[in-house]
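If you want the building blocks of each chain, they are given just below.
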Amino acid sequence: MKDIRDYHLFSHNTFGIDAVCRRFIEFETVEEVQQTVPDLMKEGMPLLLLGGGSNLLLTKNFEGTVLHAAIKGVERHFVDGGILLRCGAGEVWDDIVAMCVKNDWYGAENLSLIPGEVGASAVQNIGAYGAEIKDIIYKVEAVELKTGLIHWFTNEECDYHYRQSRFKHDWKNRFLITHVTYRLQETFTPNLDYGNIREELRKEGIEQPTAQQLRDCIIRIREAKLPDPKKEGNAGSFFMNPIVDKNVYRSLSATYPDIPHYVVDDDHVKIPAGWMIERCGWKGKNLGRAAVHDKQALVLVNKGGATGSEVLSLCERVRSDVKEKFGVDIHPEVNIL
């Protein structure tokens, strides 16, 4: 276990913001979590539960304790029609996807190359290209910070919605996730109907892809649109795509006939936030040392030396312009501290 005072978080957030926390504790086992966290709760210091830092914007130093579960390990159990894969919270998510594809365990392909760790995947309900992690989560294990007791939660109990879970709301700072069990399938059913997946596959002459071909396609699409955090600090998609009432969509489509959309249910439609941001003229534009990415307007980037406050200022300017032009509120997907 690591326990470090006045710790720099530069390497723990993909935006590359050099904020400092008062104390940093990293756990490698469940027992370390159980032995440590109840006493931390008694101290009454603010807590921040941190994964890989790929969905975080630090705007200031953190005057409290950062907790990171670096628990590793993968266990597999075969069940009727599929595989249960129990993964430590500190495992890199895309490594898990690669393992699944290699072993013909299906269901995670569309979530390829999403940055971050296993524990955070269950908090954020990560998603991309027509899939969400809730589609394959079977069980979540967590330690209750106040008592040190282990709890097991079913998928239903986590109450997953678009980029939401109870871990982000009423369970926030109450539980530290230690393991996530995913249920994968032995039969491959490709999910190809989101975005430009089919178009990209056809460029390669592929009509019926294997799981590896689909993963490779998703990776190509993401790499073409999203900047490498090692070269240009970012947290991937900064904003959630807003879900609006169908009447709102009809009104907007009357003014903007080319507005893209995805049907959510009989009454709601999802509109790409990136499309609206681009129509507001922000794509590729800077505000100080922060900028909107020139290939994907949904992404805010650190052009070098930007503070978290500069990125936040850009976020608010973009939100204001989208609201003024389209009458739609867009909200950050990234956690802002």
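Residues numbered from 1 in each chain as written. Predicted model: local features only at pLDDT ≥ 70, side-chain atom pairs only at ≥ 80, totals over all residues. Heavy atoms only, no water.

Asks: What am I meant to see in helix 8 (residues 308–326) here?
Replies: An α-helical segment advances 3.6 residues per turn. Residues three or four places apart therefore align on the same side. Taking 1.5 Å as the rise per residue, helix 8 with 19 residues should run 27 Å; its terminal C-alpha atoms sit 27 Å apart, in good agreement. Burial in helix 8 covers these residues: Gly-308, Glu-310, Val-311, Leu-314, Cys-315, Val-318, Val-322 and Phe-326. Looking straight down helix 8, one finds its buried side chains confined to an arc of 165°; they lie on one side. Contact partners of the buried residues in helix 8: strand 4 (56–57), helix 6 (246–255), helix 7 (273–279), strand 17 (286–287), strand 18 (290–292) and strand 19 (299–302). Within two residues after helix 8, Gly-327 carries a phi angle of roughly 70°, on the positive side. (Helix = DSSP H or I, 4+ residues; strand = E, 2+ residues; numbered from the N terminus. Expected span 1.5 Å × (residues − 1). Buried < 20%, exposed > 50% of the residue type's maximum accessible area, 1.4 Å probe, protein only. Arc of directions from axis to C-beta. Contact = heavy atoms within 4.5 Å.)

Asks: Before we go on, may I ask you to explain the packing of helix 2 (residues 93–102) against helix 5 (residues 211–225) in this structure?
Replies: Packed helices, taken two at a time, are described by their axes: the angle between them and the distance between them. As a packed pair, helix 2 and helix 5 sit with axes 9 Å apart at the nearest point and diverge in direction by 150°. Regarding the angle of helix 2 to helix 5, the classification is roughly antiparallel. In this structure, the crossing between helix 2 and helix 5 has a hand that is left-handed. Where helix 2 approaches helix 5, its residues Asp-94, Val-97, Ala-98 and Val-101 are matched on the opposing element by Ala-211, Gln-212 and Arg-215. Residue composition of the contact of helix 2 with helix 5, by class: four nonpolar, one polar and two charged. (Axes fitted to C-alpha atoms, helices over the stretch in contact; angles between N-to-C directions. Parallel < 35°, antiparallel > 145°, perpendicular 65-115°, else oblique. Left-handed = near helix turned anticlockwise from the far one by under 90°. Nonpolar A, V, L, I, M, F, W, Y, C, P; charged D, E, K, R; others polar.)

Asks: Whenever I open this one, the sheet that holds strand 17 confuses me. Can you help?
Replies: In sheet architecture, strand pairing relies on hydrogen bonds along the backbone and comes in two forms, parallel and antiparallel. One open sheet holds the four strands; their spatial order is 13-19-18-17, and the pairing between them is antiparallel. For this open sheet the edge positions go to strand 13 (233–237) and strand 17, each flanked by a neighbour on one side alone. In this sheet, strand 19 lies alongside strand 13 in antiparallel orientation, the contact comprising three bridges. Bridge pairing in strand 19 links Gly-233 to Asn-302. (Pairing = 2+ DSSP bridges.)

Asks: I tried to follow the pattern of salt bridges on my own but got confused; where do I start?
Replies: Two side chains carrying opposite charge are able to pair once their charged atoms lie near each other. Counted under the stated rule, the structure contains 23 salt bridges. The salt bridge partner of Arg-319 is Glu-316, with a shortest N-O separation of 3.8 Å. Linking Arg-319 with Glu-316, this pair stays in helix 8, spanning three residues, or about one helical turn. Of the residues examined, Arg-319 reaches a relative accessible area of 21% and is grouped as partly exposed. Beyond isolated ion pairs, a larger network of salt bridges with shared partners links Glu-132, Lys-134, Asp-135, Arg-163 and Glu-333. (Salt bridge = Lys/Arg side-chain N within 4 Å of Asp/Glu carboxyl O.)

Asks: Hey, could you run me through the environment of Ile-83 in this one?
Replies: Checked against the element boundaries, Ile-83 lands in strand 7 (residues 82–88). Distance in space between the C-alpha atoms of Ile-83 and Leu-50 is 28 Å, their sequence separation being 33 residues. Not counting chain neighbours up to four residues away, the residues in contact with Ile-83 comprise Arg-76, His-77, Phe-78, Trp-105, Tyr-182, Arg-183, Leu-184 and Glu-186.

Asks: I tried to follow a negative patch on the surface on my own but got confused; where do I start?
Replies: Among the surface-exposed residues, Asp-245, Asp-265, Asp-266 and Asp-267 lie close enough to one another that they form a single negatively charged patch. Residue placement: Asp-266 occurs in the loop between strand 15 (262–263) and strand 16 (268–270). (Patch = residues over 30% accessible without salt bridge, like charges linked within 9 Å, V, L, I, M, F, W, Y side chains within 5 Å. Areas by Shrake-Rupley, 256 points an atom, 1.4 Å probe, with all protein chains shown as cover. Lys, Arg positive; Asp, Glu negative; His and termini not counted. Charge placed at Lys NZ, Arg CZ, Asp CG, Glu CD.)

Asks: What am I meant to see in the pairing of strand 6 (residues 74–79) here?
Replies: Working note: regular strand, side chains alternate between the two faces of the sheet. Where strand 6 and strand 7 come together, six bridges link them in antiparallel fashion. If you follow Val-79 over to strand 7, its bridge partner there is Gly-82. Counting the residues in the hairpin turn of strand 6 and strand 7 gives two residues, including Gly-81, whose phi is positive at 80°.

Asks: Before we go on, may I ask you to explain the environment of Leu-48 in this structure?
Replies: On the secondary structure map, Leu-48 appears in strand 3 (residues 47–50). Between the alpha carbons of Leu-48 and Cys-280 there is a distance of 35 Å; along the sequence they are 232 residues apart.

Asks: Is there a simple way to think about the sheet that holds strand 10 (residues 137–144) in this case?
Replies: Taking strand neighbours across the sheet as the criterion, the five strands line up as 6-7-12-10-11 in an open arrangement whose pairing is antiparallel. Unpaired on one side and paired on the other, strand 6 and strand 11 (150–154) mark the two borders of the sheet. Each strand of the sheet is rotated relative to its neighbour by a mean of 20°, with strand direction disregarded. For strand 7 and strand 12 (residues 175–185), the ladder comprises seven bridges, and the chain directions are antiparallel. Counted as the bridge partner of Ile-83 is Leu-184 from strand 12. Relative to strand 10, helix 1 (residues 30–43) is tilted by about 40°, and along the sheet it contacts strand 10, strand 11 and strand 12. Helix-sheet contacts for helix 2 involve strand 6, strand 7 and strand 12, and the interaxial angle to strand 7 is about 155°.

Asks: Where do I start with the state of the cysteines in this structure?
Replies: Going through the model one piece at a time under the given rule, you end up with zero disulfides. This cysteine, Cys-158, is not joined by any disulfide, and Cys-87 carries the nearest cysteine sulfur, 15 Å off. Between Cys-217, a cysteine without a disulfide, and Cys-100, which holds the nearest cysteine sulfur, the sulfur-to-sulfur distance is 19 Å. On the basis of relative accessible area, Cys-217 is assigned to the buried category, the value being 0%. (Disulfide = S-S within 2.5 Å.)

Asks: Help me understand the nonpolar core in this model?
Replies: The nonpolar side chains of a soluble globular protein tend to be buried, and buried together. One finds Trp-93, Val-140, Phe-167, Tyr-182 and Ile-197 to be the most contacted residues of the largest nonpolar core, which totals 57 residues. It is strand 12 that contributes the most residues to this core, six residues altogether. Aside from chain neighbours lying at most four places away, what touches Ile-197 is Asn-110, Tyr-129, Asn-191, Leu-192, Leu-214, Cys-217, Ile-218 and Ile-221. Leu-48, Leu-58, Phe-238 and Met-276 belong to the second-largest nonpolar core, a separate cluster that totals 45 residues. (Core = buried A, V, L, I, M, F, W, Y, C linked by side-chain atoms within 4.5 Å.)

Any functional reading would require information beyond the geometric quantities listed.
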